Amino acid sequence: MTTEEATTARARPEPIKAVPVRHPGRWIAVAVLAVLTAMFVHLLVTNKAFNWSFMVDKMFRPPIIEGLLRGTVLMTVSAMLIGVTLGVVIAVMRLSDNPILRGVAWLYTWFFRAVPRLVLLAVFGNIGILWSRVEFGVPFDTQLGQLFGIDNLQLRLFGFSSRDILTGFMAGLLGLALSEAAYMAEIVRAGIQSVDPGQTEAAQALGLSRGQLLRRVVLPQAMRVIIPPTGNETIAMLKDTSLLLYVPVSVELFFQLDAVGKRTFQIFPMYVAACLWYLFLTSILLVGQYFLERHFGKGYGTSGRARMRLRGMTAEAGGSAGVVK
Amino acid sequence: MPTQATAPTAGSDLMVRAEQVHKSFGPLEVLKGIDLEVRAGEVCCLLGPSGSGKSTFLRCINHLEKIDAGRIWVDGDLIGYRERGGKLHEMRDREVAAQRRAIGMVFQRFNLFPHMTVLGNVTEAPLLLRQEKKAQARERAAELLERVGLGDKLGAYPGQLSGGQQQRVAIARALAMRPKLMLFDEPTSALDPELVGEVLDTMKDLARDGMTMIVVTHEIGFAREVGDHLVFMDGGVVVEQGDPREVIAAPKHERTQAFLAKVL
Ligand SMILES: Nc1ncnc2c1ncn2[C@@H]1O[C@H](COP(=O)(O)OP(=O)(O)OP(=O)(O)O)[C@@H](O)[C@H]1O
Ligand SMILES: [Mg+2]
């Protein structure tokens with residue numbers, strides 16, 4: 001016992017008390033940043049052009065809140081939902097054995113990624129010019145009718161005037177969703193390809209069909225690769241709803257702020273208000289993205305694994321109890 | 001050469017019958033006419049040097065690879081095709097999937113589903129494909145995992161298990177579909193030496209219970225002890241086959257001799 005204590009006492013030398021390395025460069029940088037920050041705050045507080053009270057007064061008005069809820073939030077959610085769904089379909093087409101499906105998927109992504117979103121939205125804002133009515137039914141019905149000697153055959157189920165449907169919100173949604181689908185298709189494709197082919201083989205060997213193995217085995221694993229860029233896409237989409245100004249979509253945050261600014265000749269404060277609104281909204285998304293990534297990282301990585309281990313233990317305890325009964 | 005093949009009649013005890021199986025990857029001909037018969041309850045060991053086409057042949061048996069010529073029957077059913085009016089029709093994805101359900105496969109690299117627990121891995125296919133009740137599937141999975149010595153790991157994720165444990169889960173996963181035939185592709189070659197034994201023991205148990213097995217392996221000891229039949233492949237053809245103990249003790253063909261000299 002005493003010898004053991006003696007050895008540990010001998011084995012542990014006294015703690016190091018060394019003079020740390022100085023970093024004068026860092027201190028200079030901190031000082032410069034402090035001065036710059038002070039200047040910026042001073043600018044915010046003293047410069048009359050910000051007109052803070054006016055801005056705060058206007059930025060929570062009902063039309064602006066409505067624009068925010070419908071044109072920004074609802075538009076982001078709908079465009080992403082359609083974009084992700086269509087993106088998965090296009091990604092699966094892109095990875096298909098059929099060269100025609102592959103080609104069409106390639107053409108789609110090529111087109112929608114090559115045209116800038118702003119230009120695309122301007123085009124979709126005017127696409128109603130192509131048709132006066134949008135109708136659903138048998139395609140080429142009049143031509144088919146002529147083939148069988150029937151004049152002006154019409155096999156249409158229902159339709160809308162394009163002035164009702166292909167303007168404003170719907171046109172903007174179509175533009176954003178179709179463009180998003182192209183980017184999502186690339187993301188999903190990369191995700192699917194990141195999954196070990198052995199996983200597909202194992203699922204096939206068990207007798208799962210193509211759809212089942214995609215849904216149960218490949219996509220859940222691809223999620224880990226798909227989720228982070230999809231989060232970025234959602235944030236980018238939220239910001240890009242401001243481009244709806246060019247469709248134009250009037251029930252939209254930036255459109256409304258811009259309109260107030262132009263009407264009151266207080267353009268700058270309203271643009272600052274726009275910055276603050278978008279900062280607020282994207283910050284919420286960033287928090288959401290953090291939790292999503294944590295969820296889909298399960299079974300992998302260090303923090304995920306530690307958490308899993310905990311969960312595994314409890315499940316194990318439950319499981320073995322069940323077996324023993 | 002078109003073979004005048006007749007399907008083995010039902011009731012015969014042939015579990016697998018392969019006739020003149022050919023397979024090429026582009027210009028590379030990997031299988032150059034494999035004939036093989038495996039009886040029900042038999043353990044057939046496939047040996048051969050790397051690149052001789054063992055994995056490819058195994059994957060042809062459950063149609064993971066499409067063969068270019070020849071025929072494969074499992075339990076009397078032609079794999080991957082339907083013969084109608086003297087013509088072969090390719091099966092649909094769904095029909096192929098249904099055929100695969102009767103054939104279990106174990107891979108060199110386990111290929112467990114990492115996002116599911118051990119229990120999830122084993123119950124996934126039965127729940128999706130056999131319309132088993134959840135409680136029933138879980139009970140059977142627990143039973144199978146108990147049998148492979150992992151009754152205490154139901155809630156673990158594959159990433160938390162050793163290689164040997166993962167491979168035993170993979171075996172339980174395949175067994176959960178109640179297969180008639182099990183294919184093993186070098187099930188122990190990705191394992192640390194001290195873990196090989198536990199997997200081989202599990203396979204021996206399985207063989208003792210009468211499971212029909214085709215095992216690609218470099219474990220000569222296993223082939224000698226458990227194998228009923230040994231097939232030596234090289235360059236895409238069967239070079240020699242017969243009783244494992246006889247072939248290993250006195251290989252007739254020089255390529256078999258050379259190979260055995262290296263691995264023994
Ligand atoms: N999908 C594929 N595409 C192209 N070539 C392939 C493919 N799969 C296998 N091959 C080739 O076929 C040959 C036989 O491969 P196979 O995997 O069947 O050999 P093996 O006998 O299992 O060898 P090993 O002992 O190394 O596993 C090899 O030359 C390999 O490169
Ligand atoms: Mg192999």
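K.L.:
Can you lay out the overall build of chain B for me, pointing to particular residues and giving the numbers?
P.N.:
Secondary structure assignment for chain B yields nine helices and 12 strands. Scored against the burial criterion, the 264 residues of chain B give a buried share of 57%. For chain B, the share of sequence-separated contacts (at least 6 apart) that also reach a separation of at least 24 residues comes to 63%. Counting only carbon and sulfur atoms, one obtains 46% of the accessible surface of chain B, whose full area is about 11,500 Å². Taken as two groups, the 34 positive and 36 negative side-chain charges of chain B have centres that lie 6 Å from each other.

K.L.:
Which residues make up the packing of helix α4 (residues 62-94) of chain A against helix α5 (residues 99-114) of chain A, and what values do they have?
P.N.:
Residues and elements named next belong to chain A. Closest axis-to-axis distance for the α4/α5 pair is 7 Å, and the angle between their directions is 130°. In terms of orientation, α4 and α5 fall into the oblique class. Regarding α4 and α5, the two cross each other, and that crossing is left-handed. Contacts from Leu86, Ile90, Met93 and Arg94 of α4 reach α5 at Leu101, Arg102, Val104, Ala105, Trp106, Tyr108 and Thr109. Grouping the amino acids of the contact of α4 with α5 by side-chain chemistry returns eight nonpolar, one polar and two charged.

K.L.:
Got a sec to walk through the environment of Ala122(A)? Specific residues and values, please.
P.N.:
Mapped onto the elements, Ala122(A) comes out in helix α6 (residues 117-125). Sequence spacing of Ala122(A) and Tyr246(A) is 124 residues, and the spatial spacing of their C-alpha atoms is 5.7 Å.

K.L.:
Explain the nonpolar core residue by residue, including any values.
P.N.:
Residues and elements named next belong to chain B. Membership of the largest hydrophobic core comes to 62 residues, with the highest contact counts inside it found for Phe57, Leu181 and Ile214. Setting aside its immediate chain neighbours within four residues, Leu181 contacts Met15, Val16, Ile61, Val74, Ala102, Ile103, Gly104, Met211, Thr212, Met213 and Ile214. By size, the runner-up hydrophobic cluster in this structure holds 49 residues, among which are Ala142, Val169, Ala172 and Phe222.

K.L.:
Explain the interface of chain B and chain A residue by residue, including any values.
P.N.:
The partner chain A presents 29 residues to the 34 residues of chain B that form the contact. Interface area, chain B with chain A, both sides summed: about 2,700 Å², of which 59% is carbon and sulfur. Together, Phe113(B), His115(B) and Tyr157(B) form the three largest contributors to the area buried by chain B at its contact with chain A, with a combined 20%. Inspection of the region where chain B meets chain A yields two salt bridges. The partner of Arg216(A) in a salt bridge is Glu124(B), and the shortest N-O contact between them spans 2.6 Å. Where chain B touches chain A, the interface holds seven residue pairs in polar contact (both at pLDDT 80 or more). Of all the secondary-structure elements, those providing two or more residues to the side of chain B that touches chain A are α2 (93-100), β8 (103-106), α3 (118-129), α4 (134-147) and α5 (163-175) of chain B. In terms of residue count, the dominant contributor to the side of chain B that touches chain A is α3(B) (four residues). By residue class, the composition of the side of chain B that touches chain A is 18 nonpolar, seven polar and nine charged.

Each value, and the rule that gives it
Residues numbered from 1 in each chain as written. Chains lettered and ligands numbered in written order. Predicted model: local features only at pLDDT ≥ 70, side-chain atom pairs only at ≥ 80, totals over all residues. Heavy atoms only, no water. Helix = DSSP H or I, 4+ residues; strand = E, 2+ residues; numbered from the N terminus. Buried < 20%, exposed > 50% of the residue type's maximum accessible area, 1.4 Å probe, protein only. Contact = heavy atoms within 4.5 Å. Areas by Shrake-Rupley, 256 points an atom, 1.4 Å probe, with all protein chains shown as cover. Lys, Arg positive; Asp, Glu negative; His and termini not counted. Charge placed at Lys NZ, Arg CZ, Asp CG, Glu CD. Axes fitted to C-alpha atoms, helices over the stretch in contact; angles between N-to-C directions. Parallel < 35°, antiparallel > 145°, perpendicular 65-115°, else oblique. Left-handed = near helix turned anticlockwise from the far one by under 90°. Nonpolar A, V, L, I, M, F, W, Y, C, P; charged D, E, K, R; others polar. Core = buried A, V, L, I, M, F, W, Y, C linked by side-chain atoms within 4.5 Å. Buried area = accessible area lost by both parts, 1.4 Å probe. Salt bridge = Lys/Arg side-chain N within 4 Å of Asp/Glu carboxyl O. Polar contact = N/O pair within 3.5 Å; in protein donor to acceptor, adjacent residues only side chain to side chain.

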